[in-house]
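# Summary of the model geometry
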Amino acid sequence: MSAIPLALDDVLLRPDIWRGDRLAGLAAESVASGFAALDAELPGSGWPRGALVELLPETRGIGELSLLVPALQQCVLDELPVVVVAPPGMAHAPAWAARFPLIHVLVVEAESGKGRDDIAWSVELLLASGGVGAVLAWLPAKISNKSLRRLQLAAEGSRSLAFMFRPPSCEQTSSPAPLRLSLHGSRQGLQVDIFKRRGPPCEKTLLLQVERPLPWARVRHEAPRVLPQRQPQLAVVAKELAK
Amino acid sequence: MSGPAPKDLWLALHFHRFPLEVFDAMEQPAVVAERHLVVCANAQAETLGVVAGMRLSGALGLAPGLAVHDRKTQREVETLDRLACWAGSFSPHVSLAEPDELLIEIGGCLRLFGGLDVLCGLIREGAVTQGFSVHMALAPTPRAAQWLARAGQEIACLDMQDIRRHAQGLSVAVIGLSAAEMQTLASLGVRQLKDLFVLPSSGLARRFGIRLPQQLAQALGEAADLRREFVFPESFVQKLELPAKVEQATMLLFAARRLLASLAGWLSVRASGVAECDLVLVHEDGIADTHLVLGFASPTRELARMERVLRERLDRLVLNAAATDLRLEAAAPVHLPGNTLGLFAQASAQSLDPVIERLRARLGKQAVHAMEINDDYRPECATQSVERCDVKETKGGPPRPLWLLPEVQSLQERDGALHYGGVLQRVAGPERIESGWWDRGEVVEEKASVGDVRRDYYVAVSVRGEWLWIFRDRQGWWLQGVFA
């Protein structure tokens, strides 16, 4: 190590270093999520380009994709395609066509297993190409940390949005993705917990009124679901700092 | 555009290990022999002391493990033709100088490639990745370029006046005279070209015939040197005999790349591209050929793109029988104008095509697709997978779920309420979908078609906050879609 004296302020200008009590800046720009409450909690005030975003929905059908639709519509305005890798169901064209011009939607059916990981391979290739606006991928449950790191590296070199859907059980395992959210359904809106971000731990659960087939008010109100309180993952934060 | 007309500049490529390198890239010491004499040795053999012109028995004494190939002149001719096609990537003016040289006129295309250094770098890289050792030299006359290249003098001589200065130090061996003529020159004390330049041409003509003084004049640009231009074939079918039987598909990569390089050059001379080409693996004993179709997302002539697809396909190919020959066919080239470079180097949708090709090569053609709406009210039939979609507008309509389940799923009904991990609440509906009277539910391709449907659709919300698309028909309640 060379002993070049550096001013602390210069060091803090680096996007990968931030003060523990503030949100980090971003190396690349971000895309507004379309939800003011969410943007306020995201470093860079939006979904980061060139970084993996992990989404851990409790189950499907809670609005996990509708959460991303406003940002994806921004991508599509740039004439860049949205690529769906290993979707959890059959894409229903009329529903997609109502949100995006179909010319900009591409589906990649890939599988993993038997010693091959076609899903991670496809995502890496797409991110590395730099020609996609966003990649939405449903990663296999058993993906190694090494593969995730490769994906994060591929994302870092691009301007794409990279949304990785993983099963909720992954919340306890560490991941190189700089932004991780867990999603829960409720009758009042989509509950979003940012459990990892570059900045102070996010204590509050956001309740977002994502787009649904009919207004949220039409759904019978019940008390919000009480979710088990989670401890901020200090170990993960420390690891990020050490990088 | 104005400016001086580009001068002729000839780039000579001398493949100095050509008889050997027409076979394959070899790791161990190897030579090519003709009538018990070594014609050509590779670098590994040369380090053991084996040189061209040596008797084969002597060479085997120096290097007992030496691989010996018989010289195949026919193969050399075919390979040089293939290289000429490849050279078409750089300039349409190519001419053959048998047995082991190519001449490319590059004066007119320097600007296109961004200058001399870049172009020469590309050409050298292309030759080396195909496994050919090459000496390159540049001169305003083809003959001078050839002589410089033969001498291994990698010089770029751009001016006619400089030829004499650059060439004078070369040995007279570069002219390619017969052994007897060389003897005569040696007895005259002529060893270098400068000794020849000073001799009167009439005297030279008397001793050696008119050819020698004519060649000297051609080299110096004092006499015309008309070369027959290589005629690029009308259609592209190139065959390559493998040096040995190949049992593993990945071993074909090297040979197949030589064929693709040749195709890429041929296509650029014809200003065309291919969306598909067929690599045929020929087997022995009358076993049917293996056809490996390399498909591209859009017509291309870009070698790197073709190679990536080739690599993916070969990785996944399992050979049932050993291959003896390769053949590359490009059946339907389409017109593809020159590459246009983006003004601000922006990422465009075009740049995704190579990625789509690679994905298709590995995952299968059907696995990577776009969608279009099929005009059918039945949800199962509303989506059509297409290779490429051109619909630029969004299309409104009643709310529909982003995902459909591959198979509809039966829902439990207890005490008048639907259950799906708890009681389901219906929040919208019913919406009647009644269609398909013409469809009798026949089994097509092992899958029953949807048939005549009469369904009432509802939107329902589960206790966990899942938004579902369910319907009721005569058989009961079903879950079909998920509002993700």
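Quick note: structure is the one above.
Residues numbered from 1 in each chain as written. Chains lettered and ligands numbered in written order. Predicted model: local features only at pLDDT ≥ 70, side-chain atom pairs only at ≥ 80, totals over all residues.

### Examining the overall build of chain A
This is how the line gets drawn: Secondary structure counts use DSSP, requiring at least four H or I residues in a row for a helix and at least two E residues in a row for a strand, with both numbered from the N terminus. Backbone-placed C-beta atoms define the burial measure: a residue is buried with 20 or more other C-beta atoms within 10 Å of its own, exposed with 12 or fewer, and partly exposed in between. Contact between residues is assigned whenever the C-beta positions, reconstructed from backbone atoms, fall within 7 Å.
When helices and strands are counted, chain A shows seven helices and 13 strands. Split into buried and exposed, the 243 residues of chain A put 46% on the buried side. If you take every contact in chain A between residues at least 6 apart in sequence, the share linking residues at least 24 apart comes to 66%.

### Remarks on the interface of chain B and chain A
Convention followed: Each residue is assigned to one of three groups, with Ala, Val, Leu, Ile, Met, Phe, Trp, Tyr, Cys and Pro labelled nonpolar, Asp, Glu, Lys and Arg labelled charged, and all others, Gly among them, labelled polar. Any two strands between which DSSP finds at least two bridges are classified as paired.
Chain B puts 50 residues into the contact, and the matching count from chain A is 50 residues. Sorting elements by how many residues they give to the side of chain B that touches chain A places strand E13 (residues 368-373) of chain B first, with six residues. Among the residues forming the side of chain B that touches chain A, the class breakdown is 31 nonpolar, nine polar and 10 charged. Where strand E5 (residues 90-91) of chain A lies against strand E15 (residues 403-410) of chain B, two bridges are found, and the strand directions are antiparallel. Of the residues in E15(B), the one forming a bridge with A:Met90 is B:Leu404.

### Observations regarding the pairing of strand E4 (residues 82-85) of chain A
Looking down a regular strand, the side chains alternate between one sheet face and the other. Residues and elements named next belong to chain A. Covered by surrounding structure in E4 are Val-82 and Val-84 together with Val-83 and Val-85, the residues of both alternating faces. Judged from the four bridges that link them, E4 and strand E6 (residues 105-108) form a sheet pairing that is parallel. Counted as the bridge partner of Val-84 is Val-107 from E6. Bridge count between E4 and strand E9 (residues 134-138): four bridges; the pairing is parallel. Among the inter-strand pairings, Val-83 is bridged to a residue of E9, identified as Val-135.

### A few points about the sheet that holds strand E4 (residues 67-70) of chain B
Residues and elements named next belong to chain B. To be explicit about the condition: Only the contacting stretch of a helix is used when fitting its axis, a line to C-alpha atoms as for every element, and angles between N-to-C directions run 0 to 180 degrees.
Across the sheet, which stays open at both edges, the three strands sit in the order E3-E2-E4 with mixed pairing between neighbours. At either end of the open sheet lies a strand with only one pairing partner, and these are strand E3 (37-41) and E4. Recorded for the sheet is a direction-independent mean angle of 40° between the axes of neighbouring strands. Bridge count between strand E2 (residues 30-34) and E4: four bridges; the pairing is parallel. Across the sheet, Ala-33 pairs through a bridge with Asp-70, a residue of E4.

### A look at the environment of A:Phe163
Residue and element names in this part refer to chain A. With respect to the helices, strands and loops of the structure, Phe-163 is situated in strand E10 (residues 161-165). The spatial distance from the C-alpha of Phe-163 to the C-alpha of Arg-180 is 9.8 Å, given a sequence separation of 17 residues. Other than its neighbours up to four places away in sequence, Phe-163 contacts Val-53, Leu-55, Leu-68, Ala-134 and Leu-136.

### Section: the environment of B:Leu66
Looking at where B:Leu66 falls in the secondary structure, it is placed in the loop between helix H3 (56-62) and E4. Here B:Leu66 is in contact with B:Pro29, B:Ala30, B:Val31, B:Ala45, B:Val50, B:Ala59 and B:Leu60, once residues within four sequence places are set aside.

### Some points on the pairing of strand E6 (residues 101-105) of chain B
Residues and elements named next belong to chain B. The buried count for E6 comes to five of five residues, which makes it a mostly enclosed element. Burial of the side chains of E6 extends over both faces: Glu-101, Leu-103 and Glu-105 are buried on one face and Leu-102 and Ile-104 on the other. Here strand E1 (residues 10-14) pairs with E6 via five bridges, running antiparallel. When the sheet's bridge partners are listed, Leu-13 is paired in E6 with Leu-102. Sheet topology note: the strand E5 (residues 94-97)/E6 ladder contains four bridges and is antiparallel. Paired with Ser-95 across the two strands is Leu-103, which belongs to E6.

### With respect to unusual backbone geometry
Between B:Glu98 and the following residue, B:Pro99, the backbone shows a cis peptide bond with an omega angle of 5°. Inspection of the secondary structure puts B:Pro99 in the loop between E5 and E6. Despite not being glycine, A:Glu79 shows a phi value in the positive range, around 65°. Here A:Glu79 is to be found in the loop between helix H3 (69-77) and E4. You can call A:Glu79 partly exposed: it has 15 C-beta atoms within 10 Å. Not every positive phi belongs to a glycine, and A:Ala86 is a case in point at roughly 50°.

### Digging into the nonpolar core
To keep things clear, this is the line we draw: A set of buried residues qualifies as a nonpolar core if it consists of Ala, Val, Leu, Ile, Met, Phe, Trp, Tyr and Cys joined through C-beta atoms within 7 Å.
By size, the foremost hydrophobic cluster in this structure holds 177 residues, and its most contacted members are A:Val85, A:Val135, B:Ala145 and B:Leu326. Looking at this core element by element, the count peaks at 10 residues for helix H13 (residues 253-269) of chain B. Beyond its immediate sequence surroundings of up to four residues, A:Val85 is in contact with A:Val108, A:Ala110, A:Ile119, A:Ser122, A:Val123, A:Val135, A:Leu136 and A:Ala137.

### Topic: the sheet that holds E5(A)
The six strands are arranged E5(A)-E15(B)-E23(B)-E22(B)-E21(B)-E18(B) in an open sheet whose pairing can be described as antiparallel. In this open sheet, the two edge strands, each paired with only one partner strand, are E5 of chain A together with strand E18 (425-435) of chain B.

### As for helix H6 (residues 116-129) of chain B
Since there are 3.6 residues in each turn of an α-helix, residues three or four apart along the chain are aligned in direction. Residue and element names in this part refer to chain B. Keep this limit in mind: A helix is expected to span 1.5 Å multiplied by its residue count minus one. By definition, the arc is the one covered by directions from the helix axis to the C-beta atoms.
Counted at 1.5 Å a residue, the expected span for H6 with its 14 residues is 20 Å, and the 20 Å between its end C-alpha atoms agrees. Considered for burial, the residues of H6 that qualify are Leu-119, Ile-123, Gly-126 and Ala-127. Taken around the axis of H6, the buried residues stretch over an arc of 95°, which confines them to a single face. Facing away from the buried side of H6, by more than 90 degrees, are the exposed residues Asp-117, Val-118, Gly-121, Glu-125 and Val-128. Where H6 is buried, its residues meet E1, helix H4 (73-87), helix H5 (110-113), strand E7 (135-139) and H13. Taken from the residues just after H6, Gly-131 is the one with a positive phi, measuring 90°.

These results come straight from atomic positions and should not be treated as a statement about function.
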